[in-house]
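Spelled out from the first residue to the last, the chains are:
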Amino acid sequence: MTPSRLALVAALLCLSSCQREGTRILNERRAAVSAKLDRVQSLRAALATVPPVTEPTLTPGPTPLTFTGLPTATVVYEQALPDLRVLNEAGPHYRARIPKAQLLEDCGELLRRGADDAIPAVAKTRLDSCINIEYVFILRTRIFTEHDFEGDVVAFSLATGRPIGGFPLDFTSASRTDTVTSNSYTTAPRRRGRTPSVNKHTTTRTVNTDSQQVRFDLADAIEAEIARLAPGSPR
């Protein structure tokens, strides 16, 4: 057998082994992850009774609140709550989710499509992180434009299913706006014996040249407010 064929066989064996390991990891955790996602989805009814948050408060329970290591807290978009097992791309801000709002739907995707193409160690970390979540910060959006965001975050304890606080969000992004000038031309109807005249039309408009900046600013605003309300909690 040639060296290249040996390398191909080794790669295929490695791939098959990784697929089996990923499937084993997922199957061992499937029930626990599914129960956790169902628990988060069930918060929709309680969330609907919470009016827009105007005063920032946060009272975590006995479990330490952390987003690092094996996290106990995560962020989720309100739009995702109907079904965390499908990656929801609705909404102008949702196509590029902030980092802290990816965990639950990543786990839902693993449950839905399997772990055959996932790196086993990565799948294990994601699934174990979902199982460990005790606090959920639900992001509600009222206004989202190229530069402006308005909404709030409502925090829940999964142990009780009750709100433990929240905070309003209202900011204008620091994203850069450039002025763009474009020209167009029209030709007037030609008259007998005369050269057609060409008319130039100039249009000036502004464009957002940092379209992702508002997403970064949103992530920063959420992290800063949680750090202020729960000082000492690892982020």
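Residues numbered from 1 in each chain as written. Predicted model: local features only at pLDDT ≥ 70, side-chain atom pairs only at ≥ 80, totals over all residues. Heavy atoms only, no water.

Peer 1: How would you sum up the overall build of the protein? Please name residues and give values.
Peer 2: Assigned secondary structure in the protein consists of five helices and seven strands. Within the structure as shown, the protein displays about 13,100 Å² of accessible surface, and the carbon and sulfur contribution to it stands at 54%. (Helix = DSSP H or I, 4+ residues; strand = E, 2+ residues; numbered from the N terminus. Areas by Shrake-Rupley, 256 points an atom, 1.4 Å probe, with all protein chains shown as cover.)

Peer 1: Any details on the nonpolar core? Residues and values, ideally.
Peer 2: By size, the foremost hydrophobic cluster in this structure holds 29 residues, and its most contacted members are Val40, Val76, Leu84, Leu104, Leu127, Val136 and Ile138. Contributing elements (two or more residues each) for this core: helix 1 (3-41), helix 3 (103-113), helix 4 (120-132), strand 3 (135-144) and strand 4 (148-157). Not counting the four nearest positions on each side in its chain, Val136 is found in contact with Val40, Leu43, Thr74, Val76, Val154, Ala155, Phe156 and Leu158. Of all hydrophobic cores here, the second largest spans 26 residues; its members include Val153, Phe171, Ile222 and Leu229. (Core = buried A, V, L, I, M, F, W, Y, C linked by side-chain atoms within 4.5 Å. Buried < 20%, exposed > 50% of the residue type's maximum accessible area, 1.4 Å probe, protein only. Contact = heavy atoms within 4.5 Å.)

Peer 1: Quick one: what's the story with the sheet that holds strand 2 (residues 73-77), residue by residue and with numbers?
Peer 2: Pairing is mixed in the open sheet, where five strands are placed in the order 1-5-4-3-2. Strands at the two margins of the open sheet, each flanked by one partner only, are strand 1 (57-58) and strand 2. Examined bridge by bridge, strand 4 and strand 5 (residues 162-172) share 10 bridges and lie antiparallel to one another. Looking across to strand 5, one finds that Glu150 is bridged to Asp170. Sitting on the sheet, helix 5 (residues 213-229) is in contact with strand 1, strand 2, strand 3, strand 4 and strand 5, with an inclination near 135 degrees to strand 5. (Pairing = 2+ DSSP bridges. Axes fitted to C-alpha atoms, helices over the stretch in contact; angles between N-to-C directions.)

Peer 1: Residues and numbers for the pattern of salt bridges, please.
Peer 2: Taken as a whole and assessed by the stated rule, the structure comprises 17 salt bridges. Note that Asp128 and Arg29 form a salt bridge whose closest N and O atoms lie 2.6 Å from each other. On the criterion of sequence distance, the pair formed by Asp128 in helix 4 and Arg29 in helix 1 is long-range, its members being 99 residues apart. When its relative accessible area of 14% is taken as the criterion, Arg29 is described as buried. Residues Arg97 and Asp106 are paired through a salt bridge, measuring 3.7 Å at the closest nitrogen-oxygen approach. (Salt bridge = Lys/Arg side-chain N within 4 Å of Asp/Glu carboxyl O.)

Peer 1: I'd like a description of the state of the cysteines, backed by residues and values.
Peer 2: Evaluated as defined, the whole model comprises one disulfide. A disulfide bridge connects Cys107 with Cys130, and the sulfur atoms are separated by 2.2 Å. Across the S-S bond of Cys107 and Cys130 the torsion is about 105 degrees, and the bridge reads as right-handed. One end of the pair, Cys107, is in helix 3; the other, Cys130, is in helix 4, and 23 residues separate them in sequence. (Disulfide = S-S within 2.5 Å.)

Peer 1: Residues and numbers for the pairing of strand 3, please.
Peer 2: Along strand 3, seven of the 10 residues are buried, which leaves the element largely enclosed by surrounding structure. Relative to strand 4, strand 3 runs antiparallel, the two sharing nine bridges. Opposite Leu139, over in strand 4, you have Val153 as the bridge partner. Linkage of strand 3 to strand 4, two consecutive antiparallel strands, is achieved through a turn of three residues.

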